[in-house]
Amino acid sequence: MAMKIQTIYFLLLPDTLLLDLAGPADAFLFANRYQDNVRFRLAFISPLPDVTCSAGLQLGPLLPLPTFMEDDAILVLPGLVGQHLNYNSPAEQQAIIWLRSQYQSQRQSQHRLICICSGALLAAHAGLLRNHHATTHHDHCQDLSQIDSSIYVEENRIFVEDGKISTSAGVTAGIDLVLHLISDLADPLTAASVARNMVVYMRRSGHDPQLSPWLQHRNHLHPAIHKVQNAILKNPAQSWNLSNLSEIACTSSRHLTRLFKLHSGISIQEYLTGLRLSLAKQLLTETTLPIDYVAQKAGFGSTRQFRRVWNAIYPFPPSAAAKQMR
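Quick caveat: nothing in here was measured; it's all calculated off a predicted structure.

Draft legend 1. Local environment of the overall build of the protein. Along the backbone of the protein there are 13 helices and ten strands. With respect to the three principal axes, the spread of C-alpha positions in the protein is 65 × 45 × 40 Å. Taking all 326 residues of the protein together, the buried fraction comes to 50%. Within the structure as shown, the protein displays about 16,000 Å² of accessible surface, and the carbon and sulfur contribution to it stands at 51%. For the protein, the separation between the mean place of its 27 positive charges and that of its 24 negative charges on side chains is 13 Å.

Draft legend 2. Local environment of the pairing of strand 6 (residues 112-115). Taking every second residue as pointing to the same face, both faces of strand 6 are buried, with Arg112 and Ile114 on one and Leu113 and Cys115 on the other. In this sheet, strand 10 (residues 165-168) lies alongside strand 6 in parallel orientation, the contact comprising three bridges. Each residue of the ladder has a partner; that of cysteine 115, found in strand 10, is threonine 167.

Draft legend 3. Local environment of the environment of aspartate 292. Checked against the element boundaries, aspartate 292 lands in helix 11 (residues 291-297). Taking the relative accessible area as the measure of exposure, aspartate 292 reaches 48% and is therefore partly exposed. Residues aspartate 292 and alanine 123, spaced 169 residues apart in sequence, show a C-alpha to C-alpha distance of 49 Å.

Draft legend 4. Broad picture of the pairing of strand 5 (residues 74-77). Burial along strand 5 is two-sided: the residues Ile74 and Val76 and Leu75 and Leu77 are all buried. Note: strand 1 (residues 4-11) against strand 5, three bridges, orientation parallel. Bridge pairing in strand 5 links phenylalanine 10 to valine 76.

Draft legend 5. Spotlight on the pattern of salt bridges. All told, the structure shown has six salt bridges when counted by the stated rule. Across the salt bridge formed by glutamate 154 and arginine 157, the nearest N and O atoms sit 2.3 Å from each other. What makes glutamate 154 partly exposed here is its relative accessible area of 21%. For arginine 157, a relative accessible area of 11% translates into the label buried.

Draft legend 6. Examining helix 6 (residues 188-198) more closely. Burial of helix 6 is extensive: eight of the eleven residues sit out of reach of the surface. Among all positions in helix 6, only Leu189, Thr190, Ala191, Ala192, Ser193, Val194, Ala195 and Met198 are buried. On its buried face, helix 6 sits against helix 1 (18-34), helix 5 (173-185) and helix 7 (223-234). Of the residues flanking the start of helix 6, the one acting as N-cap is aspartate 187, its side-chain oxygen 3.1 Å from the backbone nitrogen of leucine 189. Phi turns positive one or two residues past the end of helix 6, at valine 199, with a value near 55°.

Draft legend 7. Quick look at the sheet that holds strand 10. The six strands lie next to each other as 2-1-5-6-10-9, forming an open sheet whose pairing is mixed. Because the sheet does not close on itself, it has two edges, and the strands there are strand 2 (38-45) and strand 9 (159-162). For this sheet, the mean angle separating the axes of adjacent strands, direction not counted, is 20°. As judged from the eight bridges shared by strand 1 and strand 2, these two strands associate in the parallel manner.

Draft legend 8. Here's a closer look at the packing of aromatic side chains. Counted under the stated rule, the structure contains eight aromatic pairs. With centroids separated by 4.3 Å and ring planes inclined at 40°, the aromatic side chains of tryptophan 310 and tyrosine 314 adopt a geometry described as tilted. Given the relative accessible area of 0%, tryptophan 310 is considered buried. Its relative accessible area of 19% is what places tyrosine 314 among the buried residues. Grouped by ring-pair contacts, the aromatic residues Phe300, Phe306, Trp310, Tyr314 and Phe316 constitute a single cluster.

Draft legend 9. Representation of the nonpolar core within the structure. If you look at the biggest cluster of nonpolar residues, it comprises 39 residues, and the most contacted ones within it are Ile8, Phe10, Phe28 and Ile182. Of all the secondary structure elements, the ones that give two or more residues to this core are strand 1, helix 1, strand 2, strand 5, helix 5 and helix 6. It is helix 5 that contributes the most residues to this core, seven residues altogether. When neighbours within four sequence positions are excluded, isoleucine 8 is seen to be in contact with Phe28, Phe40, Arg41, Leu42, Ala43, Ile74 and Val76. The next biggest cluster of nonpolar side chains, apart from the first, holds 36 residues, and it includes Leu272, Leu284, Phe306 and Phe316.

Draft legend 10. Quick look at the packing of helix 8 (residues 242-249) against helix 9 (residues 253-264). The N-to-C vectors of helix 8 and helix 9 enclose an angle of 75°; their axes lie 9 Å apart at closest approach. Relative to helix 9, the element helix 8 is oriented roughly perpendicular. Residue-level inspection shows Leu242, Ser243, Leu245, Ser246 and Ala249 of helix 8 in contact with helix 9, the latter providing Ser253, Leu256 and Thr257. A class-by-class count of the residues in the contact of helix 8 with helix 9 yields four nonpolar, four polar and no charged.

Reading guide: rules and limits
- Residues numbered from 1 in each chain as written.
- Predicted model: local features only at pLDDT ≥ 70, side-chain atom pairs only at ≥ 80, totals over all residues.
- Heavy atoms only, no water.
- Helix = DSSP H or I, 4+ residues; strand = E, 2+ residues; numbered from the N terminus.
- Buried < 20%, exposed > 50% of the residue type's maximum accessible area, 1.4 Å probe, protein only.
- Areas by Shrake-Rupley, 256 points an atom, 1.4 Å probe, with all protein chains shown as cover.
- Lys, Arg positive; Asp, Glu negative; His and termini not counted.
- Charge placed at Lys NZ, Arg CZ, Asp CG, Glu CD.
- Pairing = 2+ DSSP bridges.
- Salt bridge = Lys/Arg side-chain N within 4 Å of Asp/Glu carboxyl O.
- Contact = heavy atoms within 4.5 Å.
- Polar contact = N/O pair within 3.5 Å; in protein donor to acceptor, adjacent residues only side chain to side chain.
- Axes fitted to C-alpha atoms, helices over the stretch in contact; angles between N-to-C directions.
- Phe/Tyr/Trp six-rings, centres within 6.5 Å; stacked < 30°, edge-to-face > 60°.
- Core = buried A, V, L, I, M, F, W, Y, C linked by side-chain atoms within 4.5 Å.
- Parallel < 35°, antiparallel > 145°, perpendicular 65-115°, else oblique.
- Nonpolar A, V, L, I, M, F, W, Y, C, P; charged D, E, K, R; others polar.

Okay, structure coming up:
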């Protein structure tokens with residue numbers, strides 16, 4: 001299978017908050033190290049040949065605003081530093097006009113729009129958030145409502161997804177959003193590896209999209225437990241036991257059992273069962289395989305065991321999964 005090239009444009013303006021740019025950009029580039037399915041290619045565009053960011057660094061040379069973006073392109077709008085943002089400068093007005101032209105002329109495109117922090121205000125000025133759910137830095141939620149009263153502003157959120165438009169809260173929340181995108185565009189193991197490399201937690205508030213089961217229980221720093229989790233993630237259907245897992249962790253079975261529970265907050269068996277159940281759910285909703293084959297492919301010892309585990313979680317039988325989970 002040919003590697004997919006995913007172009008990501010970062011629109012930069014004077015006083016761009018450096019962390020809004022550097023955090024997400026590095027996350028995408030780290031993702032290139034851990035998989036070969038998609039290659040993230042970054043392009044930094046601006047109405048100006050160079051800009052000075054929030055930290056005083058001059059960024060450039062930058063690419064001009066393109067007249068055309070690939071149909072599946074991703075556009076990232078980092079936030080700007082400051083409490084009072086009016087977007088009245090010539091560069092900001094040029095960016096707004098360009099955004100309107102892009103999204104009006106290509107309304108049916110597959111572009112994703114990613115707004116980091118106060119980047120949502122720029123999108124709102126361009127009319128791109130009209131009638132959408134969105135969030136932004138807590139200092140700017142009221143500003144967002146005032147720019148366009150049709151926007152459903154959601155406070156106390158890390159990020160919000162509404163169709164092809166995603167918005168994040170302040171600063172480091174942009175990394176949470178990008179990790180979520182990496183999981184979707186590449187795979188959950190890549191997102192977990194990037195988070196570990198950057199030494200960041202994958203956070204969620206009570207109203208945010210829940211973490212995929214493939215990403216849960218990874219908010220720790222123990223290298224041996226991550227090695228065990230990575231091995232299980234690559235093949236949850238394998239006949240895993242404490243003996244072969246302890247060999248991966250280079251420790252005793254008893255010590256691994258204790259460490260795994262301590263650092264992941266869940267037992268090895270619970271972790272493994274959760275992944276197998278998630279794999280089974282995926283097979284049931286995306287294929288027409290018979291239930292006994294799904295149970296076998298997901299690593300359950302028997303169809304009866306699979307049904308018992310499934311019925312403990314879901315109020316409908318496995319045969320109804322395709323209809324209930326669409």
